[in-house]
Structures are given as C-alpha cells and as structure tokens.
Amino acid sequence: MSDPFAPSGTVRLRPGREASLGRRHPWLYRGALADPVPAGPAPVLVAAADGRRLGTALPGSSGGSLALRMVAWGGERWDAALLRARLERAAELRRRLTIDSDAVRLVHAEGDSLPGLVIDRYADVAVVETYEAAWRPLLDEVSAFLRDACGCAAVLEREGAGREPARVLSGAAPVGPVVIREGRLAFPVDVVGGQKTGFFLDQRDNRHRVGELAAGCTVLNLFSYSGGFAVAALAGGARRAVNVDASRPALELARAAYRLNGLTVAEDDFVRGDAFAVAREMVAAGARFDLVVVDPPAFVRRQGERRRGLDGYRDVNLQALRLLAPGGLLLTCSCSALVDEEGLRGALLAAALDAGREVLLLEWRGAAPDHPVALACPETRHLKALLCRVP
Ligand code: SAH
C-alpha cells in the first residue's frame, strides 16, 4: 500500500493569503489558493506565493468553500509519528481532566490539532467520526492507537455526522446499545445507528447542572434525543419530565435510559412529534413547567441559513418562555457553530420581547472540557448554552 502521509503535490496561496496561517488558523478557503487542490484524499504541501513552505494540509471533501485543513506547520513532517503524538496528547488531556464517566470525547478535531476528526469513547467502544474523506486512508493508524494504546475492544466509524450506519474498523460491532456511566447515571448509547456518534457528550456538564437545579420541578425536555437531560433532572429530584423528539428510535433510547436508572416510564412523558408544533399545542392547553430545556439540532449549517435559523431559535424559545411557570428556569442551547453567543442571545431577547417575559442570564455555558477549542480557531466552538431565570 502507498504511504497515506505522502503529499500528492504543492498548493500555492495567492499573494498575502498566508496571514491567517500566521495566526495559526488551520483553514484555507478556495479563494486563497492560486493552484487547484489535487484530486483525492492525499495530503498536500502548502506554500506561500513566494514558494516558502507553510506546512501540510488535508484536502476538504465537502465541495464547499473550505479547501484545506492544516495538519502540520512550517517544516514539520506530517507522518505516523506526528499523528500518534497528537492522539497521545489528546488522550493525556482527557486523563488529566478526571472526568467522572467512562464516556469521553477523546479527539475534538481542530481543538486537538486533528482537523476534521472526532473520536468519542463509550466504555470500551471507540466511535470515529470523519468530516473529511482525507481521514479515510489514515484510519488504520487511528484504530491501531485506539486498540493498542487505549484498550478499545471495538472501533467503529460513523461517516457524515452519523447519517450512515457504522462501519467496523477493529473488533466487532456491539449488539444493542453500549451502556455508559456518567456520575451516578447510566445511559444506553446506540453506537451503530444513533445520531452523530451515539450520544451528546458535549452536554455532560449541562446535564449535571440541570440535575442540581431540578429538585421538585416539572421539566420539559424539548429535542430530547435519548433523554439525557430528563434522566439527570429526575435523578436530581424532579417531579416529572416530559421528553419531546421527532425520532421514534431516540424516544425508544430515552425509555431505555429511564429503565437503566430505575425511573418509571409513563407513556405520556415521551411525546413523538415536531417540537415546535408540540410546544404550541402545550401552550394552547395551558401547560406550565418549572424548568425547560431547549436543545435543537443545528439550525444554521451554512451562512445562507442564518436568518431562517435564527428565526427558528427565536420561535422555539418563544414557545418555551410561554410554557415556563413564573420563576422558572430555561436552559437554551445552540449547537450551530455559525451562531455565536450574541446570535443566540439576540434570538432569545426577541423571543422574550414577544412573550412579554423578562429573562435573566445566570450562566453562559458551553461544551464540557473534553471538547477543547483552539484559541486560534473560535469557529469550532459549536455549543452555547444559556441558563436563564424567567421571573
Ligand atoms: N438534547 C439531546 C440532544 C438533542 S440532538 C441530548 O442532550 O442528548 C437534537 C434532537 O432533535 C435529535 O434527537 C432529533 O431527533 C431531534 N429533532 C430534530 N428536529 C426536530 C423537530 N423538529 N422536533 C422534534 N425533534 C427534532
């Protein structure tokens, strides 16, 4: 087999377009390139207009404007040893964080200097998510590390944000959900067919916070997926939690999560449907909750979706505010990388004005620390979560 680290050629930048690399930003857009990127998944060398070598990059495969992601800088050699060193550094950070769970994000792409590569570990199963085809030829190296250095019994690959079923890279695909532990809670993770890599580890600390705040509350969990926030709330003493999700398998996982934690499964607490419509019906029926969690999928995936996406955040938060009892708490989230905290705050303010409710921001939260963000690349800060009090 040919060396998957060998560059297929050199791509020169247009004059002056190396400035962002000088700030250690790892992305190059098509407009910055003077040469076409050679076809195929092989890495390329990147040079300034004057020929000075700037590093090595992996080609983007989305066909969008993001053309190259830097994996090595200056004369640094992109090879198996460098990949291995990055993986080791990522694993060492997770040990250092002493996370009270057997499920962690082992590799968070740009945040671990492995652009376009995500690895979540669920007990002894690792799930690799590749955002670029360029990672494909490197997965033998990656899965050998996960097996030999991390002791993972199985390594699976999910491509395209979990829209395709998993492919086995090493070991055997588990039969049925993998059970993980998070603090004193247990969750079933569908690593083969679930969303993304199977579970939303980024919300770990926010789940925990909801558990701390939920005693005695009635809880509405909009966009519940496998019920993580509801389980945390009920374990924290909530009186009742209602999960709403459009996906039948997601709600099936949520029921399984309840059973795993010894919680009673009442059918009325698992509502399948469009969260916008279900919330409107609840408003019409005069329902009220003490704590509402709003954690939708990314509404803004491209710049062109921004206006509609922000409208979506405004609308769903408007329904959430109408459903909040006086003095209630709202945890509202956005996982759109293209919507920053100000964008989410603006959408929430518009909703608050429409609802005629005052909103107090208590905590500006984000993803758990096993999701590091490179200071040079703030665009990869995907999750924002605002914890609010609604008098
Ligand atoms: N809060 C969850 C993660 C949510 S992911 C957790 O902590 O684990 C987003 C979820 O929204 C997915 O489960 C998806 O099935 C669901 N979803 C997407 N569009 C929806 C809609 N219009 N109405 C209800 N659920 C929707």
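Residues numbered from 1 in each chain as written. Predicted model: local features only at pLDDT ≥ 70, side-chain atom pairs only at ≥ 80, totals over all residues. Heavy atoms only, no water.

Visitor: Which parts of the structure should I look at to understand the overall build of the protein chain?
Guide: Along its length, the protein chain carries nine helices and 19 strands. Relative to the globule expectation of 21 Å for 391 residues, the C-alpha radius of gyration of the protein chain, 22 Å, shows essentially globular dimensions. Projected onto its principal axes, the C-alpha positions of the protein chain cover 65 × 45 × 35 Å. Across the 391 residues in the protein chain, those meeting the buried criterion constitute 52%. (Helix = DSSP H or I, 4+ residues; strand = E, 2+ residues; numbered from the N terminus. Rg over C-alpha atoms; globule rule 2.2 N^0.38 Å. Buried < 20%, exposed > 50% of the residue type's maximum accessible area, 1.4 Å probe, protein only.)

Visitor: Quick question: what am I supposed to make of the environment of P38 here?
Guide: Note on placement: P38 falls in the loop between β2 (27–29) and β3 (44–47). By relative accessible area, P38 is classed as partly exposed at 26%. Once the C-alpha coordinates of P38 and G9 are considered, the two residues, 29 residues apart in sequence, prove to be 7.0 Å apart. Aside from chain neighbours lying at most four places away, what touches P38 is S8, V11 and V44. (Contact = heavy atoms within 4.5 Å.)

Visitor: Is there a simple way to explain the state of the cysteines in this structure?
Guide: Note on terminology: a disulfide is the covalent bond linking the sulfur atoms of two cysteines. In this structure the tally under the stated criterion is zero disulfides. Not engaged in a disulfide, the cysteine C377 finds its nearest cysteine sulfur in C335; these two sulfurs lie 17 Å apart. What makes C377 buried here is its relative accessible area of 0%. (Disulfide = S-S within 2.5 Å.)

Visitor: Just to check I follow, could you spell out the layout of surface pockets for this structure?
Guide: It is a probe the size of a water molecule, rolled over the atoms, that shows where empty space is left. Approximately 340 Å³ is the volume attributed to the second largest pocket. Surrounding the second largest pocket, 15 residues form its lining, E182, G183, R184, R204 and H208 being those nearest its centre. Among the elements that line the lining of the second largest pocket, the one with the most residues is helix α4 (residues 204–213), at six residues. (1 Å grid on protein atoms, 1.4 Å probe; cavity = no way out; pocket = protein on both sides within 12 Å on 5 of 7 lines; lining within 4 Å. Points joined across faces, edges and corners; volume = space filled by probe spheres on them.)

Visitor: Would you explain the site of the ligand in this entry?
Guide: Residues in close proximity to the ligand total 14 residues, the closest being F223, D245, D274, A275 and D295. Within the backbone of A246, a nitrogen or oxygen atom sits 3.0 Å from a nitrogen atom of the ligand. A275 is positioned such that a nitrogen or oxygen atom in its backbone is 2.8 Å from a nitrogen atom of the ligand. Tallied by class, residues from the shell around the ligand come to seven nonpolar, four polar and three charged. (Near = heavy atom within 4 Å. Polar contact = N/O pair within 3.5 Å; in protein donor to acceptor, adjacent residues only side chain to side chain. Nonpolar A, V, L, I, M, F, W, Y, C, P; charged D, E, K, R; others polar.)

Visitor: Help me understand empty space enclosed by the protein, please; the structure alone is not making it clear to me.
Guide: Under the counting rule described, the total for this entry stands at one cavity of 30 Å³ or more. Quantified by volume, the largest cavity comes out at close to 30 Å³. Elements that contribute at least two residues to the lining of the largest cavity include exactly α2 (80–96) and α3 (139–148). A per-element tally of the lining of the largest cavity places α2 first, with four residues.

Visitor: Any chance you could explain helix α7 (residues 275–284) here in plain terms?
Guide: At 3.6 residues per turn, the α-helix brings residues three or four places apart onto the same side. All of the buried residues along α7 are A275, F276, V278, A279 and M282. The arc that holds every buried residue of α7, seen down its axis, measures 170 degrees, which confines them to one face. Summarising the geometry of α7, the exposed residues directed more than 90 degrees from the buried face are E281 and A284. Elements that come into contact with the buried residues of α7 comprise β13 (218–222), β14 (240–245), β15 (270–272), β16 (289–294) and α8 (306–323). (Arc of directions from axis to C-beta.)

Visitor: Would you explain the packing of aromatic side chains in this entry?
Guide: By convention here, two paired aromatic rings are described through the distance between centres and the angle between planes. Evaluation of the coordinates by the stated rule reveals nine aromatic pairs. Summarising the aromatic geometry, the rings of W78 and W135 are spaced 6.2 Å apart at their centres and angled 85 degrees between planes, so their arrangement reads as edge-to-face. Taken together, the positions of W78 in the loop between β5 (66–73) and α2 and W135 in the loop between β8 (125–130) and α3 put the pair 57 residues apart, joining distant regions of the chain. Judged on exposure class, the residue W78 and its partner W135 are both buried. Counting every residue linked through ring pairs, the aromatic cluster contains F223, F276, F299 and Y313. In this arrangement the basic side chain of R207 is found over the ring face of F187, its NZ or CZ atom lying 5.6 Å from the centre. (Phe/Tyr/Trp six-rings, centres within 6.5 Å; stacked < 30°, edge-to-face > 60°. Lys NZ or Arg CZ within 6 Å of the ring centre and 35° of its normal.)

Visitor: What exactly am I supposed to notice about the pattern of salt bridges here?
Guide: When charged atoms on two side chains of opposite charge get close, those side chains can pair. Counted according to the given criterion, the structure contains 27 salt bridges. For the salt bridge of D112 with R94, the shortest nitrogen-to-oxygen distance reads 2.7 Å. Here D112, found in the loop between β6 (103–108) and β7 (117–122), pairs with R94, found in helix α2; they are 18 residues apart in sequence, far enough to count as distant. The pair formed by D112 and R94 is uniform in burial state, with each residue classed as buried. The partner of R136 in a salt bridge is E159, and the shortest N-O contact between them spans 2.9 Å. Of this pair, R136 sits in the loop between β8 and α3 while E159 sits in strand β9 (residues 154–159), placing them 23 residues apart in sequence. On the basis of relative accessible area, R136 is assigned to the partly exposed category, the value being 33%. A relative accessible area of 36% means that E159 is categorised as partly exposed. Because the salt bridges share partners, they merge into one network encompassing R136, E157, E159 and R167. (Salt bridge = Lys/Arg side-chain N within 4 Å of Asp/Glu carboxyl O.)

Visitor: Explain the sheet that holds β8 here, please?
Guide: Adjacent strands of a sheet pair through backbone hydrogen bonds, lying either parallel or antiparallel. Read from one edge of the open sheet, five strands run β6-β7-β8-β9-β10, paired in mixed fashion. At either end of the open sheet lies a strand with only one pairing partner, and these are β6 and β10 (167–170). Sheet twist, expressed as the average angle between the axes of neighbouring strands with direction ignored, equals 25 degrees. In this sheet, β10 lies alongside β9 in antiparallel orientation, the contact comprising three bridges. Across the sheet, L156 pairs through a bridge with V168, a residue of β10. Taken strand by strand, α2 contacts β6 and β7, and its axis lies near 145 degrees from that of β6. (Pairing = 2+ DSSP bridges. Axes fitted to C-alpha atoms, helices over the stretch in contact; angles between N-to-C directions.)

Everything listed here is a matter of coordinates, which is why it stays silent on function.
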